[in-house]
Amino acid sequence: MAPRYAPNLRSRLPVVALLLEACFILLFAFFVDISEGIEDFPHIYAVFQDVHVMVFLGFGFMATFLVRYGFSSSGFSLLVAAMTVQWAILMHGFLLVPRGREMIAVNMQSLVFAEMYAASSLIAMGTMLGKINPVHLLIMALLEVTGFIVNQWLLQTLLRVQPLQSMMLLHIFGAFFGVMVSCVLYRKGIEPVHEKEKLHSKSGLFSMLGTLFLWIFWPSFNSAYLFSLHKINAQFKTVCSTYLSLAVSCVTATSISVLCSSKGKINLAHVQNCMLAGGVTVAVAISVIDQPWVAMTTGLSAALISTLSFRFIKRHMQMAFDCHDTCGVLSVHGIPGILGWCIHLIIQLTISDDFTVAVRFAVYHITILLTTVAMSLAMGTITGILLKWKIWRPPQNRKCFDDQAYWEFPHLAVHK
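Below, the discussion takes up the overall build of the chain. Looking only at helices and strands, the chain has 14 helices and two strands in total. Compactness check: the chain gives a C-alpha radius of gyration of 21 Å against a globular reference of 22 Å for 416 residues, within 12% of the reference. Principal-axis analysis of the C-alpha atoms gives the chain an extent of 80 × 60 × 40 Å. Looking at the chain as a whole, 53% of its 416 residues qualify as buried. Across the chain, the fraction of contacts at a sequence separation of at least 24, relative to all contacts at a separation of at least 6, is 84%. For the chain, the accessible surface area stands at approximately 19,000 Å², while carbon and sulfur atoms represent 69% of it. Taking the 27 positively charged and 20 negatively charged side chains of the chain as two groups, their mean positions are separated by 15 Å.

Turning our attention to helix α14 (residues 355–387). Over its 33 residues, α14 extends 48 Å from the first C-alpha to the last, a length consistent with the 48 Å expected when each residue adds 1.5 Å. Capping of α14 at its N-terminal end is provided by Asp354; its side-chain oxygen lies 2.9 Å from the backbone amide nitrogen of Thr356.

With that settled, the discussion passes to the packing of aromatic side chains. Both the distance between ring centres and the angle between the ring planes are used here to describe each pair of aromatic rings. Per the stated rule, a full pass over the model turns up 14 aromatic pairs. Taken together, a centroid distance of 5.9 Å and an interplanar angle of 80 degrees make the contact between Phe71 and Trp407 edge-to-face. A residue pair is termed long-range when its members are at least 10 positions apart, and Phe71 in helix α3 (residues 70–95) and Trp407 in the segment after α14 qualify at 336 residues. Take Trp407: its relative accessible area is 32%, and that puts it in the partly exposed class. The structure contains a cluster of three or more aromatic residues connected by ring pairs, namely Phe71, Phe76, Tyr406 and Trp407.

Mapped onto the secondary structure, Thr238 falls in helix α9 (residues 232–260). A relative accessible area of 4% means that Thr238 is categorised as buried. For Thr238, the side chain forms a polar contact with the main-chain oxygen of Ala234, separated by 2.8 Å. Not counting residues within four places of it along the chain, the set of residues in contact with Thr238 comprises Asn222, Ser223, Leu226 and Ile286.

A cluster of nonpolar residues, Leu26, Phe30, Phe31, Phe94, Leu95 and Trp153, forms a patch on the protein surface that exposes about 570 Å² of accessible area. Mapped by element, the contributors of at least two residues to the nonpolar patch are α1 (13–31) and α3. Ranked by residue count, the leading element in the nonpolar patch is α1, at three residues. Along the polypeptide, Leu26 turns up in helix α1.

Time to look at the pattern of salt bridges. Following the criterion strictly, the structure yields one salt bridge and no others. Among the salt bridges present, the one from Asp402 reaches Arg68, with a minimum N-O distance of 3.2 Å. With Asp402 in the segment after α14 and Arg68 in the loop between α2 (41–62) and α3, this pair connects stretches of sequence that are 334 residues apart. Taking relative accessible area as the criterion, Arg68 reaches 35% and is therefore assigned partly exposed.

Of note, Ser309 is situated in helix α12 (residues 292–321). On the basis of relative accessible area, Ser309 is assigned to the buried category, the value being 1%. Sequence-distant contacts of Ser309, that is, excluding residues within four places in its chain, are made with Lys314, Ser331 and Ile335.

Below, the discussion takes up unusual backbone geometry. Look at Arg160: it is not a glycine, yet its phi comes out positive at around 55 degrees. Considering the arrangement of structural elements, one finds Arg160 in the loop between α5 (134–158) and α6 (163–167). With phi around 55 degrees, Phe401 is a residue other than glycine that occupies positive phi space. Take Phe401: it is sitting in the segment after α14. On the basis of relative accessibility, which here comes to 0%, the residue Phe401 falls in the buried class.

Conventions used here
Residues numbered from 1 in each chain as written. Predicted model: local features only at pLDDT ≥ 70, side-chain atom pairs only at ≥ 80, totals over all residues. Heavy atoms only, no water. Helix = DSSP H or I, 4+ residues; strand = E, 2+ residues; numbered from the N terminus. Rg over C-alpha atoms; globule rule 2.2 N^0.38 Å. Buried < 20%, exposed > 50% of the residue type's maximum accessible area, 1.4 Å probe, protein only. Contact = heavy atoms within 4.5 Å. Areas by Shrake-Rupley, 256 points an atom, 1.4 Å probe, with all protein chains shown as cover. Lys, Arg positive; Asp, Glu negative; His and termini not counted. Charge placed at Lys NZ, Arg CZ, Asp CG, Glu CD. Expected span 1.5 Å × (residues − 1). Polar contact = N/O pair within 3.5 Å; in protein donor to acceptor, adjacent residues only side chain to side chain. Phe/Tyr/Trp six-rings, centres within 6.5 Å; stacked < 30°, edge-to-face > 60°. Patch = residues over 30% accessible without salt bridge, like charges linked within 9 Å, V, L, I, M, F, W, Y side chains within 5 Å. Salt bridge = Lys/Arg side-chain N within 4 Å of Asp/Glu carboxyl O.

This is how it looks when you write it as C-alpha coordinates:
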(Lines give C-alpha, C1' and ligand atoms only; values in the text may rest on other atoms or scores of the structure.)
Protein backbone atom coordinates (compact mmCIF):
# COMPACT_ATOMS: atom_id res chain seq x y z
CA MET A 1 0.00 0.00 0.00
CA ALA A 2 1.31 3.48 -0.87
CA PRO A 3 2.42 5.78 1.94
CA ARG A 4 -0.39 7.79 3.40
CA TYR A 5 0.98 11.21 2.46
CA ALA A 6 2.95 10.26 -0.69
CA PRO A 7 0.62 11.82 -3.33
CA ASN A 8 1.32 15.32 -2.03
CA LEU A 9 5.01 15.27 -2.96
CA ARG A 10 6.17 12.18 -4.86
CA SER A 11 4.58 13.01 -8.19
CA ARG A 12 5.15 16.76 -8.06
CA LEU A 13 8.03 18.10 -5.98
CA PRO A 14 10.84 16.08 -7.64
CA VAL A 15 9.48 16.82 -11.12
CA VAL A 16 9.04 20.56 -10.55
CA ALA A 17 12.27 21.07 -8.59
CA LEU A 18 14.53 19.06 -10.91
CA LEU A 19 12.95 20.54 -14.03
CA LEU A 20 13.59 24.04 -12.69
CA GLU A 21 17.16 23.11 -11.80
CA ALA A 22 17.75 21.74 -15.30
CA CYS A 23 16.45 24.99 -16.82
CA PHE A 24 18.64 27.07 -14.51
CA ILE A 25 21.73 25.01 -15.37
CA LEU A 26 21.12 25.55 -19.09
CA LEU A 27 20.60 29.28 -18.62
CA PHE A 28 23.74 29.56 -16.48
CA ALA A 29 25.69 27.61 -19.09
CA PHE A 30 24.80 30.05 -21.88
CA PHE A 31 24.42 33.40 -20.08
CA VAL A 32 26.39 33.41 -16.80
CA ASP A 33 30.07 33.57 -16.04
CA ILE A 34 32.10 34.04 -12.85
CA SER A 35 33.87 37.39 -12.79
CA GLU A 36 37.44 37.93 -11.69
CA GLY A 37 38.29 38.56 -8.03
CA ILE A 38 38.24 42.00 -6.44
CA GLU A 39 40.70 43.70 -4.13
CA ASP A 40 38.33 44.14 -1.19
CA PHE A 41 37.10 40.52 -1.32
CA PRO A 42 37.64 39.82 2.44
CA HIS A 43 35.45 42.78 3.41
CA ILE A 44 32.59 42.16 1.02
CA TYR A 45 32.71 38.43 1.81
CA ALA A 46 32.17 39.32 5.47
CA VAL A 47 29.07 41.27 4.47
CA PHE A 48 27.93 38.35 2.31
CA GLN A 49 28.35 35.98 5.25
CA ASP A 50 26.18 38.19 7.45
CA VAL A 51 23.40 38.35 4.87
CA HIS A 52 23.81 34.62 4.19
CA VAL A 53 23.34 33.70 7.85
CA MET A 54 20.43 36.08 8.16
CA VAL A 55 18.53 34.67 5.18
CA PHE A 56 19.17 30.95 5.61
CA LEU A 57 19.45 30.67 9.38
CA GLY A 58 17.53 33.66 10.71
CA PHE A 59 14.38 33.43 8.59
CA GLY A 60 14.45 29.64 8.70
CA PHE A 61 14.50 29.34 12.49
CA MET A 62 12.21 32.30 13.05
CA ALA A 63 9.44 30.41 11.23
CA THR A 64 9.68 27.36 13.54
CA PHE A 65 7.26 28.74 16.14
CA LEU A 66 4.45 26.39 15.04
CA VAL A 67 4.43 23.42 17.40
CA ARG A 68 4.06 20.70 14.72
CA TYR A 69 5.63 22.46 11.75
CA GLY A 70 9.29 22.93 12.73
CA PHE A 71 10.78 20.59 10.12
CA SER A 72 8.75 22.17 7.34
CA SER A 73 9.35 25.76 8.45
CA SER A 74 13.12 25.46 8.44
CA GLY A 75 13.42 22.93 5.63
CA PHE A 76 11.09 24.67 3.20
CA SER A 77 12.72 28.03 3.95
CA LEU A 78 16.06 26.51 2.95
CA LEU A 79 14.55 24.97 -0.20
CA VAL A 80 12.85 28.19 -1.26
CA ALA A 81 15.87 30.40 -0.60
CA ALA A 82 18.26 28.02 -2.39
CA MET A 83 16.04 27.96 -5.47
CA THR A 84 15.30 31.67 -5.38
CA VAL A 85 18.91 32.88 -5.35
CA GLN A 86 19.56 31.09 -8.64
CA TRP A 87 16.57 32.66 -10.35
CA ALA A 88 17.36 36.06 -8.83
CA ILE A 89 20.88 36.06 -10.30
CA LEU A 90 19.40 35.50 -13.76
CA MET A 91 16.56 38.00 -13.46
CA HIS A 92 18.77 40.70 -11.94
CA GLY A 93 21.37 40.17 -14.65
CA PHE A 94 18.86 40.29 -17.49
CA LEU A 95 16.88 43.34 -16.33
CA LEU A 96 18.92 45.49 -13.96
CA VAL A 97 22.59 45.10 -14.91
CA PRO A 98 23.87 47.20 -17.85
CA ARG A 99 24.77 44.70 -20.54
CA GLY A 100 28.23 45.80 -21.54
CA ARG A 101 29.06 42.16 -22.17
CA GLU A 102 27.18 39.14 -23.39
CA MET A 103 27.53 37.13 -20.17
CA ILE A 104 26.00 37.88 -16.76
CA ALA A 105 28.81 38.23 -14.23
CA VAL A 106 28.52 36.34 -10.95
CA ASN A 107 30.47 38.06 -8.17
CA MET A 108 30.06 38.81 -4.49
CA GLN A 109 27.86 41.79 -5.28
CA SER A 110 25.41 39.76 -7.36
CA LEU A 111 25.30 37.04 -4.68
CA VAL A 112 24.44 39.60 -1.99
CA PHE A 113 21.69 41.04 -4.19
CA ALA A 114 20.35 37.54 -4.89
CA GLU A 115 20.09 36.78 -1.19
CA MET A 116 18.26 40.04 -0.58
CA TYR A 117 15.75 38.97 -3.22
CA ALA A 118 15.51 35.61 -1.44
CA ALA A 119 14.69 37.48 1.77
CA SER A 120 11.80 39.16 -0.02
CA SER A 121 10.42 35.78 -1.10
CA LEU A 122 10.76 34.41 2.45
CA ILE A 123 8.83 37.42 3.75
CA ALA A 124 6.00 36.61 1.34
CA MET A 125 6.21 32.93 2.25
CA GLY A 126 5.46 33.79 5.89
CA THR A 127 1.84 34.61 5.08
CA MET A 128 1.18 31.12 3.68
CA LEU A 129 3.34 29.05 6.03
CA GLY A 130 1.65 25.78 6.95
CA LYS A 131 -1.23 26.10 4.49
CA ILE A 132 0.34 25.09 1.18
CA ASN A 133 2.77 22.41 0.05
CA PRO A 134 6.43 22.99 -0.96
CA VAL A 135 5.60 22.98 -4.68
CA HIS A 136 3.26 25.90 -4.03
CA LEU A 137 6.03 27.64 -2.09
CA LEU A 138 8.58 27.24 -4.90
CA ILE A 139 6.23 28.63 -7.52
CA MET A 140 5.13 31.44 -5.22
CA ALA A 141 8.73 32.42 -4.43
CA LEU A 142 9.85 32.45 -8.07
CA LEU A 143 6.88 34.57 -9.12
CA GLU A 144 7.44 36.95 -6.19
CA VAL A 145 11.08 37.50 -7.14
CA THR A 146 10.08 37.96 -10.77
CA GLY A 147 7.48 40.57 -9.83
CA PHE A 148 9.82 42.41 -7.48
CA ILE A 149 12.67 42.64 -10.01
CA VAL A 150 10.24 43.74 -12.72
CA ASN A 151 8.94 46.38 -10.29
CA GLN A 152 12.53 47.54 -9.72
CA TRP A 153 13.09 47.73 -13.46
CA LEU A 154 9.93 49.81 -13.92
CA LEU A 155 10.84 52.19 -11.11
CA GLN A 156 14.42 52.66 -12.30
CA THR A 157 13.45 52.97 -15.97
CA LEU A 158 10.28 55.04 -15.85
CA LEU A 159 10.61 56.99 -12.59
CA ARG A 160 14.43 57.15 -12.36
CA VAL A 161 14.40 55.74 -8.83
CA GLN A 162 17.79 55.09 -7.27
CA PRO A 163 18.72 51.36 -7.11
CA LEU A 164 19.14 51.46 -3.32
CA GLN A 165 15.70 52.98 -2.83
CA SER A 166 14.03 50.45 -5.12
CA MET A 167 15.82 47.52 -3.46
CA MET A 168 14.72 48.43 0.06
CA LEU A 169 11.09 48.24 -1.02
CA LEU A 170 11.48 44.47 -0.69
CA HIS A 171 9.73 44.53 2.70
CA ILE A 172 6.64 46.30 1.35
CA PHE A 173 6.49 44.27 -1.86
CA GLY A 174 6.99 40.91 -0.16
CA ALA A 175 4.42 41.63 2.56
CA PHE A 176 1.62 42.82 0.28
CA PHE A 177 2.37 40.12 -2.29
CA GLY A 178 2.02 37.45 0.40
CA VAL A 179 -1.12 39.01 1.87
CA MET A 180 -2.77 39.04 -1.55
CA VAL A 181 -1.87 35.39 -2.17
CA SER A 182 -3.33 34.56 1.23
CA CYS A 183 -6.57 36.35 0.35
CA VAL A 184 -6.94 34.48 -2.94
CA LEU A 185 -6.14 31.08 -1.37
CA TYR A 186 -8.10 31.62 1.83
CA ARG A 187 -9.71 28.43 3.15
CA LYS A 188 -12.62 28.31 5.56
CA GLY A 189 -11.37 25.28 7.46
CA ILE A 190 -8.69 27.17 9.38
CA GLU A 191 -10.88 29.79 11.00
CA PRO A 192 -10.74 31.30 13.53
CA VAL A 193 -7.57 29.45 14.60
CA HIS A 194 -6.44 26.05 13.35
CA GLU A 195 -6.01 23.49 16.15
CA LYS A 196 -2.31 23.03 15.21
CA GLU A 197 -1.57 26.74 14.78
CA LYS A 198 -0.16 27.29 18.22
CA LEU A 199 3.10 28.08 19.99
CA HIS A 200 4.99 25.67 22.25
CA SER A 201 7.79 26.47 24.67
CA LYS A 202 10.41 24.56 22.66
CA SER A 203 9.24 25.79 19.25
CA GLY A 204 9.06 29.32 20.63
CA LEU A 205 12.65 29.04 21.86
CA PHE A 206 13.93 27.97 18.44
CA SER A 207 11.92 30.74 16.82
CA MET A 208 13.42 33.28 19.21
CA LEU A 209 16.87 32.00 18.21
CA GLY A 210 16.07 32.82 14.59
CA THR A 211 14.86 36.26 15.60
CA LEU A 212 18.14 36.89 17.43
CA PHE A 213 20.10 35.99 14.30
CA LEU A 214 18.01 38.45 12.32
CA TRP A 215 18.32 41.13 15.00
CA ILE A 216 22.11 40.75 15.19
CA PHE A 217 22.78 40.77 11.46
CA TRP A 218 20.14 43.29 10.37
CA PRO A 219 22.62 46.22 10.30
CA SER A 220 24.71 44.28 7.77
CA PHE A 221 21.59 43.56 5.72
CA ASN A 222 20.62 47.23 5.55
CA SER A 223 24.14 48.35 4.68
CA ALA A 224 25.04 45.54 2.25
CA TYR A 225 23.87 47.42 -0.84
CA LEU A 226 25.84 50.52 0.17
CA PHE A 227 28.99 48.47 0.69
CA SER A 228 28.67 47.02 -2.80
CA LEU A 229 28.56 50.60 -4.12
CA HIS A 230 31.71 51.46 -2.11
CA LYS A 231 29.87 54.14 -0.08
CA ILE A 232 31.72 53.51 3.17
CA ASN A 233 30.55 56.63 5.04
CA ALA A 234 26.91 55.96 4.17
CA GLN A 235 27.36 52.34 5.20
CA PHE A 236 28.73 53.35 8.60
CA LYS A 237 25.77 55.68 9.22
CA THR A 238 23.35 52.96 8.18
CA VAL A 239 24.88 50.41 10.55
CA CYS A 240 24.71 52.83 13.49
CA SER A 241 21.16 53.97 12.68
CA THR A 242 19.89 50.42 12.25
CA TYR A 243 21.50 49.25 15.47
CA LEU A 244 20.01 52.10 17.52
CA SER A 245 16.60 51.63 15.95
CA LEU A 246 16.63 47.87 16.67
CA ALA A 247 17.67 48.47 20.29
CA VAL A 248 14.78 50.86 20.86
CA SER A 249 12.40 48.50 19.04
CA CYS A 250 13.29 45.66 21.39
CA VAL A 251 12.49 47.72 24.48
CA THR A 252 9.33 49.20 22.99
CA ALA A 253 7.93 45.88 21.73
CA THR A 254 8.41 44.30 25.17
CA SER A 255 6.76 47.22 26.93
CA ILE A 256 3.77 47.45 24.59
CA SER A 257 3.29 43.69 24.79
CA VAL A 258 2.85 43.98 28.56
CA LEU A 259 0.39 46.86 28.16
CA CYS A 260 -1.66 44.88 25.62
CA SER A 261 -1.91 41.82 27.84
CA SER A 262 -4.96 41.46 30.07
CA LYS A 263 -2.73 39.67 32.61
CA GLY A 264 0.14 42.13 32.32
CA LYS A 265 2.55 39.57 30.91
CA ILE A 266 4.93 39.52 27.94
CA ASN A 267 3.76 37.79 24.75
CA LEU A 268 6.70 36.02 23.09
CA ALA A 269 5.16 36.35 19.61
CA HIS A 270 4.99 40.14 20.02
CA VAL A 271 8.60 40.43 21.10
CA GLN A 272 10.21 38.06 18.60
CA ASN A 273 8.40 39.65 15.66
CA CYS A 274 7.94 43.31 16.48
CA MET A 275 11.46 43.89 17.81
CA LEU A 276 12.55 43.73 14.16
CA ALA A 277 10.21 46.50 13.01
CA GLY A 278 12.81 49.22 13.61
CA GLY A 279 15.22 47.55 11.20
CA VAL A 280 12.52 47.37 8.53
CA THR A 281 11.55 51.03 8.92
CA VAL A 282 15.15 52.27 8.84
CA ALA A 283 15.81 50.17 5.74
CA VAL A 284 13.06 51.92 3.79
CA ALA A 285 14.10 55.40 5.02
CA ILE A 286 17.79 54.58 4.80
CA SER A 287 18.89 57.55 2.70
CA VAL A 288 17.59 60.33 4.98
CA ILE A 289 18.23 59.08 8.54
CA ASP A 290 21.56 60.51 9.65
CA GLN A 291 20.93 61.50 13.29
CA PRO A 292 20.86 59.09 16.27
CA TRP A 293 17.69 60.53 17.77
CA VAL A 294 15.88 60.18 14.44
CA ALA A 295 16.85 56.51 14.23
CA MET A 296 15.77 55.90 17.81
CA THR A 297 12.45 57.69 17.32
CA THR A 298 11.92 55.66 14.17
CA GLY A 299 12.54 52.42 16.09
CA LEU A 300 10.12 53.42 18.84
CA SER A 301 7.30 54.35 16.47
CA ALA A 302 7.89 51.26 14.32
CA ALA A 303 7.75 48.84 17.25
CA LEU A 304 4.71 50.61 18.71
CA ILE A 305 2.72 50.38 15.47
CA SER A 306 3.95 46.86 14.73
CA THR A 307 3.03 45.47 18.15
CA LEU A 308 -0.42 47.05 18.14
CA SER A 309 -0.97 45.79 14.61
CA PHE A 310 0.17 42.29 15.54
CA ARG A 311 -2.12 42.31 18.56
CA PHE A 312 -5.29 43.66 16.95
CA ILE A 313 -5.14 43.82 13.14
CA LYS A 314 -3.99 40.26 12.42
CA ARG A 315 -7.13 38.63 13.83
CA HIS A 316 -9.48 41.26 12.40
CA MET A 317 -8.00 40.85 8.90
CA GLN A 318 -9.04 37.21 8.97
CA MET A 319 -12.53 38.02 10.22
CA ALA A 320 -13.21 41.02 7.97
CA PHE A 321 -11.24 40.32 4.79
CA ASP A 322 -10.79 36.53 4.75
CA CYS A 323 -7.02 36.99 4.92
CA HIS A 324 -5.03 34.64 7.15
CA ASP A 325 -1.45 35.80 7.78
CA THR A 326 0.39 32.97 9.55
CA CYS A 327 3.51 34.90 10.61
CA GLY A 328 1.98 38.36 10.87
CA VAL A 329 4.05 39.56 7.92
CA LEU A 330 1.89 42.61 7.33
CA SER A 331 2.51 43.79 10.90
CA VAL A 332 6.25 43.07 10.88
CA HIS A 333 7.22 44.12 7.34
CA GLY A 334 4.33 45.76 5.50
CA ILE A 335 3.13 48.42 7.94
CA PRO A 336 6.63 49.29 9.27
CA GLY A 337 7.80 49.53 5.66
CA ILE A 338 5.08 52.04 4.82
CA LEU A 339 5.92 53.91 8.02
CA GLY A 340 9.53 54.15 6.85
CA TRP A 341 8.37 55.47 3.50
CA CYS A 342 6.28 58.14 5.27
CA ILE A 343 9.24 59.08 7.50
CA HIS A 344 11.39 59.42 4.40
CA LEU A 345 8.80 61.76 2.88
CA ILE A 346 8.39 63.85 6.05
CA ILE A 347 12.13 64.34 6.55
CA GLN A 348 12.64 65.23 2.91
CA LEU A 349 9.83 67.79 3.03
CA THR A 350 11.24 69.26 6.24
CA ILE A 351 14.65 69.99 4.73
CA SER A 352 13.21 71.40 1.49
CA ASP A 353 13.15 75.20 1.14
CA ASP A 354 11.14 75.37 -2.07
CA PHE A 355 7.40 74.65 -1.78
CA THR A 356 7.05 73.67 -5.43
CA VAL A 357 9.96 71.25 -5.22
CA ALA A 358 8.50 69.79 -2.02
CA VAL A 359 5.11 69.19 -3.64
CA ARG A 360 6.69 67.58 -6.69
CA PHE A 361 8.79 65.33 -4.50
CA ALA A 362 5.73 64.31 -2.46
CA VAL A 363 3.83 63.36 -5.61
CA TYR A 364 6.87 61.50 -6.95
CA HIS A 365 7.43 59.70 -3.64
CA ILE A 366 3.80 58.64 -3.30
CA THR A 367 3.76 57.46 -6.92
CA ILE A 368 6.68 55.12 -6.21
CA LEU A 369 4.87 53.62 -3.22
CA LEU A 370 1.56 53.21 -5.04
CA THR A 371 3.30 51.62 -8.02
CA THR A 372 5.05 49.11 -5.77
CA VAL A 373 1.90 48.24 -3.82
CA ALA A 374 -0.16 47.92 -7.01
CA MET A 375 2.48 45.70 -8.61
CA SER A 376 2.70 43.48 -5.53
CA LEU A 377 -1.08 43.12 -5.28
CA ALA A 378 -1.39 42.34 -8.99
CA MET A 379 1.39 39.74 -8.90
CA GLY A 380 -0.07 38.28 -5.70
CA THR A 381 -3.48 37.92 -7.34
CA ILE A 382 -2.00 36.21 -10.41
CA THR A 383 0.08 33.88 -8.24
CA GLY A 384 -2.90 32.99 -6.07
CA ILE A 385 -5.00 32.13 -9.11
CA LEU A 386 -2.23 29.91 -10.51
CA LEU A 387 -1.80 28.13 -7.18
CA LYS A 388 -5.51 27.38 -7.04
CA TRP A 389 -5.14 24.83 -9.82
CA LYS A 390 -5.91 21.33 -8.53
CA ILE A 391 -2.82 19.84 -10.20
CA TRP A 392 -0.71 21.19 -7.30
CA ARG A 393 -2.67 19.08 -4.82
CA PRO A 394 -3.05 21.51 -1.87
CA PRO A 395 -3.04 19.86 1.57
CA GLN A 396 -6.31 19.10 3.29
CA ASN A 397 -7.34 21.29 6.18
CA ARG A 398 -6.57 18.60 8.74
CA LYS A 399 -3.02 18.30 7.37
CA CYS A 400 -2.22 22.01 7.56
CA PHE A 401 0.53 23.05 9.99
CA ASP A 402 1.66 19.41 10.30
CA ASP A 403 5.10 18.01 9.45
CA GLN A 404 3.78 14.48 9.06
CA ALA A 405 2.28 15.44 5.70
CA TYR A 406 5.76 15.89 4.22
CA TRP A 407 8.50 14.41 6.44
CA GLU A 408 9.48 10.95 7.61
CA PHE A 409 9.23 10.20 11.31
CA PRO A 410 10.86 6.79 11.88
CA HIS A 411 9.78 6.60 15.52
CA LEU A 412 6.14 6.88 14.40
CA ALA A 413 6.40 4.22 11.68
CA VAL A 414 4.30 1.09 12.00
CA HIS A 415 6.49 -2.01 11.58
CA LYS A 416 4.75 -5.06 10.14
